[in-house]
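Reading the structure
Listed below are the residues making up each chain.
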Amino acid sequence: MTTLLALTPGRRPDAVTQLTAVGEIDMSNTDALARAIETTDGPLVIDLTEVEYLDSAGLSVLFRHIHRIQLIATPLPAPVLEVSGLADLTTVHDPGEA
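The shown structure was predicted, so the numbers you read here are calculated from the model rather than taken from an experiment. (Residues numbered from 1 in each chain as written. Predicted model: local features only at pLDDT ≥ 70, side-chain atom pairs only at ≥ 80, totals over all residues. Heavy atoms only, no water.)

Ranked by size, the top nonpolar core spans 21 residues in total, and within it Ile25, Ile37, Ile46, Leu62 and Leu71 carry the most contacts. Mapped by element, the contributors of at least two residues to this core are strand S2 (17–25), helix H1 (30–38), strand S3 (44–54), helix H2 (56–64) and strand S4 (69–72). Element by element, the count of residues in this core is highest for S3, at five residues. Ignoring anything within four residues of it in the chain, the contact list for Ile25 reads Leu5, Thr30, Leu33, Leu48, Val51, Tyr53, Leu54, Asp55 and Gly58. (Core = buried A, V, L, I, M, F, W, Y, C linked by side-chain atoms within 4.5 Å. Buried < 20%, exposed > 50% of the residue type's maximum accessible area, 1.4 Å probe, protein only. Helix = DSSP H or I, 4+ residues; strand = E, 2+ residues; numbered from the N terminus. Contact = heavy atoms within 4.5 Å.)

In structure tokens form, the structure reads like this:
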């Protein structure tokens, strides 16, 4: 069964592409996340503020694109980003500072 995940591309005021994720990111929908990331060019900000769950499959997709992504995350996924080491490899913004 596929877990509900909505991915919405957009542009930030600084013209950088932003991908907003809403729902849960797990092995059932990482293909959609990977496609959404791969169809953008240049630097990318991924907004995880509305993500309720992020598993290792989702982290794997993010790690593959670490060279060009920044993340916006609430305290909910922040521990996962820190323990995995992802937070050490890219910028992770709090929602208020992004």
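The pairing of strands in a sheet happens through backbone hydrogen bonds and is either parallel or antiparallel. With mixed pairing, five strands are arranged side by side in an open sheet as S1-S2-S3-S4-S5. Since the sheet does not close on itself, it has two edges, and those belong to strand S1 (5–11) and strand S5 (92–93), each with one partner. Strand direction decides the pairing type here: S2 and S3, joined by eight bridges, are parallel. Looking across to S3, one finds that Ile25 is bridged to Leu54. Seen against the sheet, H1 touches S1, S2 and S3 and runs at an angle of roughly 175 degrees to S2. Of the strands in this sheet, S2, S3 and S4 are in contact with H2, which crosses S3 at around 175 degrees. (Pairing = 2+ DSSP bridges. Axes fitted to C-alpha atoms, helices over the stretch in contact; angles between N-to-C directions.)

The analysis is restricted to geometry; functional conclusions fall outside its scope.
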